[in-house]
Amino acid sequence: MTTKSSAFNLTDAVGKSLYDSRNAPKDYVSKPGLKPSELGSPCLRKIYYSFHKVPSNFPWEVENIKAAEAGDAFHAMFRGWLKRAGLLIENLDRRTGEVPLSFIDKKTPDPEFPVFAPDLGVRYAKVDGIVKVPEGNDRSGLWILEVKSKAPDKMHWVKSPDRDRYQGTLYAFVLEEALREGKFEHIPGLTGETDIRGTVYVYIDRATGDWKEFWEEKNPEFMGEVISKALLVLDHVERKALPPKTKDFCNWCSWRDKCALEYKVEA
Ligand code: SF4
């Protein structure tokens with residue numbers, strides 16, 4: 001939380017507004033579903049808690065809210081840069097030909113591609129965009145875009161997509177299937193396309209706007225691993241069995257207190 005001082009200041013006023021709005025009780029209950037961004041965690045229990053949308057033990061702190069919203073802004077900024085360079089394909093509504101409105105608030109245009117993979121427990125997820133590399137390049141073709149932003153002191157540690165591969169690989173295979181089913185035929189740049197080459201992972205430094213990029217071709221063997229992991233989580237969900245603990249940044253895990261008490265979802 002922010003430090004209180006006697007004189008009015010924006011730090012306290014805005015901080016309180018952010019804190020209150022992010023931690024306000026929701027007037028809806030999120031349905032369970034696999035969150036692809038969590039699939040790379042080695043801790044099945046963490047993925048299981050995330051699947052069930054188990055409320056965190058801790059409220060959102062202002063510092064974390066600011067970092068999350070800065071991350072969203074960097075996503076939008078990077079997509080804008082790709083668009084200016086003529087490399088980005090965005091989702092368009094089949095009926096109107098316009099960027100569809102957000103599934104969540106039904107007001108904000110949302111150019112990200114929806115992902116549905118019910119067999120793997122994914123009810124709804126979103127892909128940042130599709131990059132189309134022009135013909136004549138060694139990377140010509142369609143690539144899933146996966147953008148992450150990082151604090152400057154974390155950039156040094158980014159050497160590969162690491163656990164983000166689970167998410168990026170799943171998206172590449174699921175969107176390719178949708179492409180082959182003709183779901184994006186109405187989108188210029190995707191008409192007649194049937195193949196996704198892979199995923200480009202971009203990690204942006206939140207201080208400088210510089211980034212590291214990693215291009216990875218689709219890997220059916222690794223996709224097999226992704227499927228097995230998703231099915232293992234679903235198996236625990238169906239059996240109402242609490243998966244084992246596996247250490248994964250436990251000191252920062254949102255569910256560390258519940259985990260210590262062996263909290264199990266009964267519904
Ligand atoms: S506290 Fe550690 S072991 Fe427990 S769910 Fe979180 S990451 Fe897994």
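Refer to the structure presented above.
Rules behind the numbers
Residues numbered from 1 in each chain as written. Predicted model: local features only at pLDDT ≥ 70, side-chain atom pairs only at ≥ 80, totals over all residues. Helix = DSSP H or I, 4+ residues; strand = E, 2+ residues; numbered from the N terminus. Rg over C-alpha atoms; globule rule 2.2 N^0.38 Å. Buried ≥ 20, exposed ≤ 12 C-beta atoms within 10 Å, placed from the backbone. Near = placed C-beta within 6 Å. Expected span 1.5 Å × (residues − 1). Contact = placed C-beta atoms within 7 Å. Pairing = 2+ DSSP bridges. Axes fitted to C-alpha atoms, helices over the stretch in contact; angles between N-to-C directions.

Novice: Please explain the overall build of the chain as it appears in this structure.
Specialist: Assigned secondary structure in the chain consists of 7 helices and 7 strands. Over its C-alpha trace the chain gives a radius of gyration of 20 Å, about what one expects of a compact globule, namely 18 Å for 267 residues. Structurally, the chain occupies a C-alpha span of about 60 × 50 × 40 Å along its principal axes. Taken across its 267 residues, the chain has 25% of its residues classed as buried.

Novice: Help me understand the environment of Asn 9 in this model?
Specialist: By the element assignment, Asn 9 lies in the segment before helix H1 (10-23). We classify Asn 9 as partly exposed; it has 13 C-beta atoms within 10 Å. For the pair Asn 9 and Arg 94, spaced 85 residues apart in sequence, the C-alpha separation works out to 47 Å.

Novice: Would you explain the site of the ligand in this entry?
Specialist: Lining the immediate surroundings of the ligand are Cys 43, Arg 45, Lys 46, Lys 245, Thr 246, Lys 247, Asp 248, Cys 250, Cys 253, Trp 255, Arg 256 and Cys 259. Among the elements of the structure, helix H2 (44-51) and helix H7 (256-260) are those that each provide at least two residues to the shell around the ligand.

Novice: How should helix H3 (residues 62-84) be read in this particular structure?
Specialist: Over its 23 residues, H3 extends 33 Å from the first C-alpha to the last, a length consistent with the 33 Å expected when each residue adds 1.5 Å. If you follow the buried residues of H3, they end up packed against strand S1 (88-89), strand S4 (129-133), strand S5 (141-150) and strand S6 (198-205). Gly 86 occupies a position one or two residues after H3 and carries a positive phi of about 75 degrees.

Novice: So what exactly am I meant to see when it comes to the environment of Leu 179 here?
Specialist: Looking at the secondary structure, you find Leu 179 in helix H5 (residues 164-180). Through-space distance from the C-alpha of Leu 179 to that of His 236 is 31 Å; in sequence the pair is 57 residues apart. Contact partners of Leu 179, with chain neighbours within four places excluded, come to Phe 184, Leu 190, Glu 193, Thr 194 and Ile 196.

Novice: Where do I start with H2 in this structure?
Specialist: Helical geometry note: an α-helix holds 3.6 residues per turn, so side chains three or four residues apart project in the same direction. Most of H2 sits out of view: 8 of its 8 residues are buried. When we look at burial in H2, the residues that qualify are Leu 44, Arg 45, Lys 46, Ile 47, Tyr 48, Tyr 49, Ser 50 and Phe 51. Buried residues along H2 sit in contact with helix H6 (220-239) and H7. Once H2 ends, the next one or two residues include Lys 53, with phi positive near 55 degrees.

Novice: Can you help me understand the sheet that holds S4 in this one?
Specialist: One key point about sheets: their strands pair by backbone hydrogen bonds, in either a parallel or an antiparallel sense. Ordered in space as S1-S4-S5-S6-S7, the 5 strands form an open sheet in which the pairing is mixed. Edge positions in the sheet fall to S1 and strand S7 (211-217), since each of these pairs with one other strand and no more. The pairing of S6 with S7 spans 7 bridges and is antiparallel. Residue pairing for S7: Tyr 201 is matched across the bridge by Phe 214. Together, S1, S4, S5 and S6 form the strand contacts of H3, whose direction differs from that of S5 by roughly 145 degrees. Sheet contacts for H5: S5, S6 and S7; angle to S5, the most-contacted strand, approximately 150 degrees.

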